[in-house]
Structures are given as structure tokens and as C-alpha cells.
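Residues per chain are reported as follows:
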Amino acid sequence: MTHPLTALNQRLGGIGYGGDYNPEQWSREVWREDVRLMREAGVNLVTVGVFSWSRVQPRPGAYDWELLDEVLDLLHAHGIAVDLATPTAAPPPWFTKLHPDALPVTASGTRLAHGSRQVFCPSSPAYAEAADAVVTALAKRYADHPAVALWHVHNEWGNHNALCYCDTSAAAFRTWLRDRYTTLDALNSAWGTDFWSQRYGDWDEIDPPRDTTAFRNPGQELDYRRFSSDALLTRHHAETALLRRLAPGIPVTTNLMGTLEKKADGYAFAPACDLVSVDHYLTAADPDGHIDLALNADLARGMAGGAPWLLMEHSTSAVNWQPVNVAKHPGELRRNSLTHLARGADGIMFFQWRQSTAGAEKWHSAMLPHAGTDSRIWREVSALGAELSALSEVTGTRVQGDVALLFDWPNWWALELQARPSDRLRYLDVVRDWYAALWALNLTCDLVPPGADLTPYRAVVAPNLYLLADQDAANLDGYVRQGGHLAVGCFSGVADTQDRVRPGGYPGALRDVLGLRVDEYLPLRPGQSALLDDGTLAHDWAERVEPRGCSAVLRFADTPDGGPAAGGPAVTRHAHGRGSARYVATRPSAPTLRELMRTLADEAGVRPVAPEGVEAVRRTGPQGSYLFLVNHTADDVTVPVRGTGLLDAKVTDTGALVPAGGVVVVREHE
Ligand code: GAL
């Protein structure tokens, strides 16, 4: 069956291109200019209505479709398809006045006020009723409108309101817990409530983990995270079910946030969409923002199960929500967009079409900036539109990662709970270190959950698996036994899904596959380092590793500089079944981690296609094989590849010339 995104691409005549269109902010004359300029820029898809609730339903029960009717007709008349959003991310002021109990409450008991967006409690029945009503009305109104090509459910579930601690949430949490545990004994055991006299004798005694005197119960916290993500997912399912029933045949998506959103488990939301779409924004202060971009694109692909996905939002230049909002360099917008495309996106969209002159996001860049069409941004936006249209043939092709990087939201939640051996092991930091090493070596990786089918991958890396289900540990063991090559980072395998430590020595569920035992964790002080016997320094963490079948690849130096585990193994390798399993019992420097990944890839037989500094990703499909080359260096580089250059690429007998800072796409020949 044709994938829903590929079907959408066919309808659009190529790669989706556009952004959030918020016509509520503008007059009719501006709308007419908008559609003309959209055509000029090659825009074929816009997201409409994300924040239109107070316009379409100005009063309870009263709908006013005039604006949306006119805008949708206008867009359709100009050949621009619509990704129609349910407006449920921004309840109108009248809703809050009618239902003050639906306002979210913080862990310290402060009830938040109206005045922004997502000001609702995810478990509020009043919110659910109001949201369902407006979604129903919207779906009925536009089910047959010829412009509507996609439904956009809500906006970034949980971005601002995922964790609510009100009494309604407390009651919903108790119901969720009863479903999960059935008996209080099971809950008491899972949460370890016999410690600190927390044993519950009645379900009604259980509250959300609100602010308290000292450490909160970790089991309660972890389950509250799960419950909160599920509460949002319940709303997503409700909206999706209405849309599918009332407007069948139109695919449904929601803009997920990848690593920008800790609180909503992306792997749970993705299967509840017909096609996966994501937002990504660079952190201006991060010099390696382009690596974070690649990581998130690979996560989007992982969430999509390898299928093409849609980049629903990114920025043409600066955002407005960081301390200093740095503008993108000339050419960066193109590089960013084509990197998403390289990694499997079949649509490139922005927040937003026309830069606001009023409201909270007027200092956020847009496709059409304050300066108008006589601007660098507009010229780059129009040029990108033309290039995407010339690249239509890549739609539907897929990227197959050589390496799987295991990424998991519940593990992220658990690792960063209170009272751990060290607060310096931050999940994203560790994941980014490992990903950066793979990225530098041009090893394409899919980010997948630990329970995923790992058979397509020659190597699997797990930067951290603090929380690991027994069956996921068995999945890794089976993968290695059957010939796979695995590398696991420190402080892994320790806890079960309830954050209960597995006794008998660390790394718990991974002792056998890794062929070692650890009797004590030895975290390093801030600023302290441990010398490894390759002469590099490691940070934050050490372990006393006792080999039980593994051999040491690297050791902590056998001197006082070697830190608390001096002389002991720091990196190990264990031959297990037909494969191998490495353990990294510290946080090595970038060069050491890169070397480790290089050795792993060598052993797994994975060969990068381009030299370091030129990011290379291949998309393949029945129509051919396309190599994307993104040059991050200051020099032009020739990459040996045979094929035809798309866009203006020069491909000669010696290969493809990739200009400094440029992107080249080559349709490969045998
Ligand atoms: C996203 C959001 C958009 C806009 C954008 C600005 O998180 O979905 O509506 O606020 O950020 O970067």
C-alpha cells in the first residue's frame, strides 16, 4: 500500500513545502498577497488553524467559519493544499472563565492563569468535552473541502502543560494506577513504599508527586511521568478517532518534538498517527546544532519505523525563545532543510509563513520576514522552494541506518530522577556524545527503542540503559548471540521498569551479555577526571569492573591520575555467541569515543562513504539511489561517487564536488 505521506506527495506533485499559516493576524488584502507569494516561493502545503479556536468558536456553542471558509477556498484556488489543524492547543479565554478548574496546577500548587497557550489540564473532563466539540464541528465542516490534505492534531502535545498536579489529575492518576497494578500490594511493592513509611492502605491516599520536604518517591515520580504522557495520548486518540470517523480518507498527524520534548513519549504517539511529523529548532548557543538536527531527523525516522516523515516546523532564521536568538548564516537554512531531506523527510515546513507584527512570536523568523520580499530570508526561501521542486524524484525513498542507537523516553525520565549516584549523567548529554561520534564517522543510525527489531542493524549502541525491561535485555542478548555487535554506556542495566535495582551486582540485566560484574559505582567529582591508558581523560563516572569473560580494551591508568578505579577496565569487549558486546564504564573524551565507534564499525563491517566533515546519507527506493552530501568544512571537497548531480551539482570522473558549506545530491550509477 502507498504510504500516506507518499500519497500526499503525489497529490502535492512533489516534496511538501510551506509552513504554519496564521491568517487570523492579517487582512483580506494580505491574504491575497500571501497566496501570490506562496506560489512564487513554491509553497504547496500550509498548516492552517493551529491557534484559531477563539475565532472559529467565539462563544460557547457558537461557531463562525467565515474566516476559515474564505482562506481555505483562496488557498485551494491557488493550488495550495491545507494541513488543517485542530485548534485545541489554545483554548479561548471564555473556556477558562467557564471552567477555572481546567487550568493546570504546578507541583507547588500554583494554579496557572490564562494568557498563553496550552493552559489546560490534560485530564480535565471539561477540556475534553470542549475539545471534542470543536474538533467535531471542524471535521464536519471541512471533511469534504478539496483543500484539506492532512489533519494536524493539536500542536506539540505537552510542550507547556504535560505535568499537571491538580485534584482532577490526582483522581485520574489513581484510576490509571488501579489499571496498572490492580492491587495496592503490587503498587506498594513496585514503589518500594516500605521505605520511609510510605505504605498506602487506600487508593485515595495516593497523590501526584507534588512538592514536598525531601526526595519524592521515585516509583511514584516515574509512574506520574508515564501517566502524564498517557493522559496526553488519550486526548490524541480522542481527536484522531473523531477525525477518522467524520472525515475518513484524510491522513492524520501531530507535530512531535523529538528530543525537544522530554515529557511526551514520542514512540507512543507515532503509531497513533498515519504519518509522522516533527518539529526541530536549533539551539543557537550550541556550536554542534547541526549534529542535534541530524540526531532528531534520525529519531523522526525511527519513530516513523523507517518510513518517510514530515518536518512540520523549523525556523528560517532566529527563534525568539532562547536567551540570545542568533540569526542563521546565509546558506544555513538550505543546509538545514536539505539535511532533514537527506535523513528521510519528504516535506519541509516552517513556523511560520509570514512574520507576525504583534503577539508573542513577532520576533521569531518566518518565510516572509518583516522586511518583505527584498530580504535575504525571502531569497533563500524562494530558492529552496525551487530546489525542492527539482528534487521531487526522491520522495518515497528510504534511509536504512547501519547502526541502531537505542533511545528511550522512560529511561530518560528514570535516569534524571532525584537522588542518583551523580546528577552529572544527563541523558541527552550522553546520547549526544555517542551520536556525535557516529555522526563524525558518517555512520548512519536509526534511533529506535530498546525493544525494536534489531536484526537489520550491523551494530547497536546504547549510550545509556539505566532502566531496562527484562525482555529488552533479552532482545539485546539475542541480537549479540546471533552475530550482532553491541556497545553499551555506563550505569546501564541496573534498574527494572519500576526503577527497582537488580541485586547481585551491576550492570544487572546486562552482566551476562557484557561478561562482567561491577560491585560499586565510583562517580567523579565535578571537574575531576580519570586518565585512561590511551592518554585521554574521562569524566563524571567510573566503575570497578570485574571481568567475567570480557577483556579490557582500555583501562583507567594504574596511577593516582587513573581516578577511583585506577588500573581497572574502563572499556571492555566480550565475545558472546556469534557477536560481541562492549561496555564503556565511564564518559570518555570525544576522540576516544570516536575511536571506539570506529572499531565497532570495523568489526561490524560498516564503511562510511565520505570523509569526515562531509555528512553523507543515502536514500534508496525503486526509482534509484540518492547520495546527499553536506559539506560542513570551510573547503570544497570532492567525494568519490559515480552518478548524476541533481540541482547544479558537478559530478565528474573523480567524483562530486561539494562546495564549502554546500549540499550536493547525486543520483548514483552502478
Ligand atoms: C513551536 C510551536 C510553534 C512556535 C514555534 C516557535 O514549539 O509549535 O507554534 O511557537 O515553536 O519556535
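Residues numbered from 1 in each chain as written. Predicted model: local features only at pLDDT ≥ 70, side-chain atom pairs only at ≥ 80, totals over all residues. Heavy atoms only, no water.

Thoughts on the overall build of the protein chain
Working step 1: When its secondary structure is counted, the protein chain shows 18 helices and 27 strands.
Working step 2: For 670 residues, the compact-globule estimate of 2.2 N^0.38 gives 26 Å, and the protein chain sits close to it at 26 Å.
Working step 3: On the principal axes, the C-alpha backbone points of the protein chain span a range of 75 × 75 × 45 Å.
Working step 4: Counting across all 670 residues of the protein chain, residues that qualify as buried make up 60%.
Working step 5: The contacts in the protein chain between residues at least 6 apart in sequence include a share of 71% that link residues at least 24 apart.
Working step 6: Split by element, the accessible area of the protein chain, about 25,300 Å² in all, is 50% carbon and sulfur.
Working step 7: If the 61 positive side-chain charges of the protein chain are averaged to one point and the 80 negative ones to another, these points end up 1 Å apart. (Helix = DSSP H or I, 4+ residues; strand = E, 2+ residues; numbered from the N terminus. Rg over C-alpha atoms; globule rule 2.2 N^0.38 Å. Buried < 20%, exposed > 50% of the residue type's maximum accessible area, 1.4 Å probe, protein only. Contact = heavy atoms within 4.5 Å. Areas by Shrake-Rupley, 256 points an atom, 1.4 Å probe, with all protein chains shown as cover. Lys, Arg positive; Asp, Glu negative; His and termini not counted. Charge placed at Lys NZ, Arg CZ, Asp CG, Glu CD.)

A word on the sheet that holds strand β26 (residues 655-658)
Working step 1: With antiparallel pairing, the three strands of this open sheet are ordered in space as β23-β26-β25. The open sheet has two free edges, formed respectively by β23 (637-639) and β25 (650-652), since each of these has just one partner strand. The average undirected angle you get between the axes of adjacent strands in this sheet is 30°.
Working step 2: Bridge count between β25 and β26: three bridges; the pairing is antiparallel. Following the sheet pairing, K650 is matched in β26 by L657. (Pairing = 2+ DSSP bridges. Axes fitted to C-alpha atoms, helices over the stretch in contact; angles between N-to-C directions.)

Looking at the domain arrangement of the protein chain
Quoted interface sizes are often the accessible area lost when the parts come together.
Working step 1: Under the domain assignment used here, the protein chain contains domain 1 (4-163 + 230-394), domain 2 (167-219), domain 3 (403-604) and domain 4 (614-668).
Working step 2: The centre of domain 1, based on its C-alpha atoms, is set 37 Å off from the matching centre of domain 2.
Working step 3: Facing the seven residues of domain 1 at the interface are six residues of domain 2.
Working step 4: Taken together, the two surfaces of domain 1 and domain 2 that pack against each other cover about 480 Å², and 54% of this comes from carbon and sulfur.
Working step 5: At the boundary of domain 1 and domain 2, one finds zero salt bridges.
Working step 6: There are two residue pairs in polar contact (both at pLDDT 80 or more) connecting domain 1 and domain 2.
Working step 7: Grouping the constituent residues of the side of domain 1 that touches domain 2 by class yields three nonpolar, three polar and one charged. (Domains from an automatic or database assignment. Buried area = accessible area lost by both parts, 1.4 Å probe. Salt bridge = Lys/Arg side-chain N within 4 Å of Asp/Glu carboxyl O. Polar contact = N/O pair within 3.5 Å; in protein donor to acceptor, adjacent residues only side chain to side chain. Nonpolar A, V, L, I, M, F, W, Y, C, P; charged D, E, K, R; others polar.)

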